[in-house]
Amino acid sequence: MRVLAAMSGGVDSAVAAALAVEAGHDVTGVHLALAKNPQTFRSGARGCCTLEDSRDARRAADVIGIPFYVWDMVEEFQEDVVDDFVAEYAAGRTPNPCLRCNEKIKFHAVLERALALGFDAVVTGHHARLGSDGLLRRSVDAAKDQSYVLAVLNRHQLDRSVFPLGPHTKADVRDLAAARDLAVADKPDSHDICFIADGDTRGFLAARLGSAPGDIVDSLTGEVVGAHDGAYAYTVGQRKGLSIGRPAPDGKPRYVLSITPVTNTVTVGPRSALEVRTVLADRAVWHAPVEGPFEVQLRAHGEVYPATVTTDGSTLTAVLAQPATGVAAGQAIVVYRPDPAGDVVLGSATITGAR
């Protein structure tokens, strides 16, 4: 099979490309240029799209012995990931840019270009399993499992994807890299948002959305207890950085309960008010028949909840067996079916609300 290996410059994608070669595939490596000025992206251990990463990817391809190219995806990334990120926060939602990058860039723009060039599939270093039955499952390494951010993919995309790392733990991957003399064997993992160079999400949004002063309101009393410079700087469940001028009557911390862009209001209240039992979502994408028992995950690397799941067209309702906190609109809810061979991803949807 002729496959395109997406090489980010990290150890996972390098080993995935090497394993694809050893499996007998005809492999070509490609690194995605995603920034007009790569120096503005995070570097070292905290990036995935820098000049340093590009060079690491090229060196890995040379060691593996495969052709290597850099594809310019700057415009697509800006529109589908960065601009979407800003627009979602402006609308009072909390997006997951890594999920959007997988959906719009790696498994849409890249995959479609690869298919047009005659490739059969795209290989990535994601920690997830795709079995011969076509079902997406969790990685054997629960701490590194990335099935949550892949659940947004559709059947067409999954059928043309290869995830060689699913059967391996992260420790295995580093050992495999060292055994193949890949210099990235000990390279630290990337973290956080690659296109926010200093990690200051609030400052990044403020530079693009400007100042928009508004009130912080207590949910119990209806009183204005503080002020903000932009509701986009807050997310449901947030406790720190609220700039509240007076303590709560009970002396306990307040948390962000909701964000209302129409009135530019941030509502805060006690932690107990964050607890929800029912999660509502739309834009559902299904990989397999929606048959229980069900478990749902509400954020990347978050807790898993047994639930009752019902669907109606593209909408989804999940009633949790136990309450969850910090459930934010804009995040993904991923539905799993427990399975001894590895939890099966049934599908995902975008959270619109909770109660």
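This structure is a prediction, so every number in the text was calculated from the model and none was measured.

Rules used throughout
Residues numbered from 1 in each chain as written. Predicted model: local features only at pLDDT ≥ 70, side-chain atom pairs only at ≥ 80, totals over all residues. Heavy atoms only, no water. Helix = DSSP H or I, 4+ residues; strand = E, 2+ residues; numbered from the N terminus. Contact = heavy atoms within 4.5 Å. Areas by Shrake-Rupley, 256 points an atom, 1.4 Å probe, with all protein chains shown as cover. Lys, Arg positive; Asp, Glu negative; His and termini not counted. Charge placed at Lys NZ, Arg CZ, Asp CG, Glu CD. Pairing = 2+ DSSP bridges. Axes fitted to C-alpha atoms, helices over the stretch in contact; angles between N-to-C directions. Buried < 20%, exposed > 50% of the residue type's maximum accessible area, 1.4 Å probe, protein only.

**Thoughts on the overall build of the chain**
Okay, so step 1: Each helix and strand in the chain was counted, giving eight helices and 17 strands.
Okay, so step 2: Dimensions of the chain along its principal axes, counting C-alpha atoms only, are 65 × 45 × 35 Å.
Okay, so step 3: In the chain, the share of contacts with a sequence separation of at least 24, taken over all contacts with a separation of at least 6, comes to 66%.
Okay, so step 4: On the chain, roughly 15,600 Å² of surface is accessible, and the fraction owed to carbon and sulfur atoms is 50%.
Okay, so step 5: When the 35 positive and 43 negative side-chain charges of the chain are each reduced to one mean point, those points stand 3 Å apart.

**Considering the sheet that holds strand β10 (residues 255-260)**
Okay, so step 1: One open sheet holds the four strands; their spatial order is β9-β8-β11-β10, and the pairing between them is mixed. Lying at the two open borders of the sheet, with one neighbouring strand each, are β9 (224-228) and β10. Neighbour-to-neighbour, the strand axes of this sheet turn through a mean angle of 25°, independent of strand direction.

**Thoughts on unusual backbone geometry**
Okay, so step 1: The linkage connecting G292 with the following residue, P293, adopts the cis geometry, with an omega of 10°.
Okay, so step 2: Position of P293 among the secondary structure elements: in the loop between β12 (276-286) and β13 (294-297).
Okay, so step 3: Although it is not a glycine, D181 adopts a positive phi angle of roughly 60°.
Okay, so step 4: Within the fold, D181 resides in the loop between α7 (170-179) and α8 (201-209).
Okay, so step 5: Judged by relative accessible area, which is 64%, D181 ranks as exposed.
Okay, so step 6: Even without a glycine there, the phi angle at N264 is positive, about 60°.
Okay, so step 7: If you trace the backbone, N264 turns up in the loop between β10 and β11 (265-269).
Okay, so step 8: According to the relative accessible area criterion, N264 is buried, its value standing at 18%.

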